[in-house]
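Spelled out, the chains give:
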Amino acid sequence: MMMKYLKTCSFVFLLFVCSCASGPENPKRVDAWPEIYPDYIGVTIPATIAPLNFAFADDGVERVDVAVKGSKGGELHARGEVADFDIDDWHRLVEQNVGGRLSFTVCALRDGQWRQYKDFEVSVSEHGLDAWGLTYRRIAPGYEVFSKMGLYQRDLSTFDEYPIIENTQVPGMCVNCHSAHQTDPSRFVFHVRGDHGATMFQIDGQREWLKASNEQLGGSMVYPYWHPSGKYCAFSTNQTRQGFHVVPNERIEVFDLSSDVFVYDPATHEILKDSLLSTKDWSENSPVFSPDGRTLYYMTCRQQEYPMHYKDEQYNLCRIAFDPETGRYGQQVDTIFNAVAMGKSLTWPRPSYDGKYILFTLMDYGYFSIWHEESQQWMLDLRTGEARELAEINSPRADSYHNWTTNSRWIVFTSRRDDGLYSRLYLACIDDRGHFSKPFLLPQRYPKEYYSESVYSFNTPDFTKAKVDFDAYHAGHEIASDERVATKVRR
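In what follows, the accompanying structure is described. As the structure is a computational prediction, the values presented were derived from the model and not from experiment.

### A closer look at the environment of Phe289
Here comes step 1: Note on placement: Phe289 falls in strand β23 (residues 282-289).
Here comes step 2: The exposure class of Phe289 is buried, given its relative accessible area of 1%.
Here comes step 3: Separated by 62 residues in sequence, Phe289 and His227 place their C-alpha atoms 5.9 Å apart.
Here comes step 4: Residues contacting Phe289, with those up to four places away along its chain left out, are Tyr225, Trp226, His227, Pro228, Cys233, Ala234, Val263, Thr295, Leu296, Tyr297, Phe322 and Pro351.

### Observations regarding the sheet that holds strand β10 (residues 133-139)
Here comes step 1: On the basis of which strands lie adjacent, the open sheet formed by four strands has the order β12-β11-β10-β35 and antiparallel pairing. In the strand order of this sheet, the two ends are held by β12 (161-166) and β35 (457-464), each with one partner. Direction aside, neighbouring strands of the sheet carry axes that sit 25° apart on average.
Here comes step 2: Both strand β11 (residues 150-155) and β12 contribute to a ladder of five bridges, which runs antiparallel. Looking at the pairing, Gln153 lines up with Tyr162 of β12.

### So, the packing of aromatic side chains
Here comes step 1: For the structure shown, the criterion picks out 26 aromatic pairs.
Here comes step 2: Centre to centre, the rings of Phe104 and Phe120 are 4.7 Å apart; their planes meet at 5°, and the pair counts as stacked. Residue Phe104 is located in strand β7 (residues 101-110), and its partner Phe120 is located in strand β9 (residues 120-124); the two are separated by 16 residues in the primary sequence.
Here comes step 3: Under the relative-accessibility criterion, Phe104 is labelled buried at 1%.
Here comes step 4: Aromatic rings pair up to connect Phe54, Phe85, Trp90, Phe104 and Phe120 into one cluster.
Here comes step 5: The ring of Tyr426 carries Arg417 above its face, with NZ or CZ at 4.9 Å from the centroid.

### Things to note about helix α4 (residues 472-481)
Here comes step 1: When α4 is considered as a whole, its buried residues turn out to be Ala472, Ala475, Gly476 and Ile479. Looking straight down α4, one finds its buried side chains confined to an arc of 105°; they lie on one side.
Here comes step 2: Residues of α4 that are buried sit in contact with β12, β14 (184-193) and β16 (206-211).
Here comes step 3: A distance of 3.3 Å separates the backbone nitrogen of Tyr473 from a side-chain oxygen at the start of α4, and that oxygen is part of Asp471.
Here comes step 4: In the segment just after α4, Asp482 is the residue with positive phi, at about 65°.

Calculation rules
- Residues numbered from 1 in each chain as written.
- Predicted model: local features only at pLDDT ≥ 70, side-chain atom pairs only at ≥ 80, totals over all residues.
- Heavy atoms only, no water.
- Helix = DSSP H or I, 4+ residues; strand = E, 2+ residues; numbered from the N terminus.
- Buried < 20%, exposed > 50% of the residue type's maximum accessible area, 1.4 Å probe, protein only.
- Contact = heavy atoms within 4.5 Å.
- Pairing = 2+ DSSP bridges.
- Axes fitted to C-alpha atoms, helices over the stretch in contact; angles between N-to-C directions.
- Phe/Tyr/Trp six-rings, centres within 6.5 Å; stacked < 30°, edge-to-face > 60°.
- Lys NZ or Arg CZ within 6 Å of the ring centre and 35° of its normal.
- Arc of directions from axis to C-beta.
- Polar contact = N/O pair within 3.5 Å; in protein donor to acceptor, adjacent residues only side chain to side chain.

Now the structure itself:
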């Protein structure tokens, strides 16, 4: 009896597999690509990315049938309300086709009729991600108040997301401005705003909570960026204010009453200041180190009368020498990209780890690009001094925060191209000529459902070499305790 039952089950299973593999019979051919969400047509992906699950943008589609074939062999099949690929089968197929292509044959059932669309291709890059996943902040795009928010991490090979710390740990807490040492979370820093404000350093599992504000700084330690040696971390100190627009396409403005740039030494708790980086009439902001650690890049803007002249707040990109052995700065500041001469403002400079490029965002004014619909990605070639708009990855809506993988082959950035309201994460690959592939939206298992129902924006993304090991439970108690380490200015 048992043997008969097993044979019957095996027969049913075989019929199921065969019917899925065969696909729809006699579908009507359509001379157009399928309108899918997300749009993965023609993108380039890394071999370790999670499955590119998708649905039809049109809600009238009842079922889909998708066959994927590799140019170097192997195939994969999915059938259902959405294209939901098995993770293990997906990775086997993609890894088999590194440096090759995947061809997607898509059929859709609508009003009782199957339709087959033009095949589309996805390229599998020979360049890996050199990262386990992503870290980012998720927050509702509110203005005066915020509800649940926090720092999160995502395994890029699966759909698994893990909280690093959430504001449920301490009521009223806001976390932002996180950074790891060249994507290595063994050295990790973030800033906490609110009644229990602090700057958290975690180095090799040991945490310290610095006083949120130093009287000699005139503000908090924000916008961190690690020195490549891991010995220092650069910050700016900002006195920010918010303003609200009354026109429909502009919502909120953030500007600095003052800001300066400095470098911090975690081993001695010393702040390394310099008069060239702490000027009265200029706002220095968002410092980053060069890959060799001997140059500090930052943006600077002439102080304006706020909020009256907020549209005159425009930033250039500058640099100053830095000596890692002594912790001393150079004697000269150079402007390396003059955005003000273009009638524009530059923000969020991020050098590639190979030293070839600096990626930045350009917009009309200010530096909170995530609120500026006109913000676009640009890139400066440090070998030639030439900069160009990255038209191949830009959109008509707020393309902003970005970071590189350590092999300088991939970037992640935020964009509101989807609906104009929520910033979401996109990835793109750069080739040997400095051109980027078509960006693709961070995959989710049920992407249409996930993104349509989510009320959170993603921002400040970065790659992470490994999963961030952080004890949020005890960290919450430490934040609430208000025990803080004092910093001092090196004389």
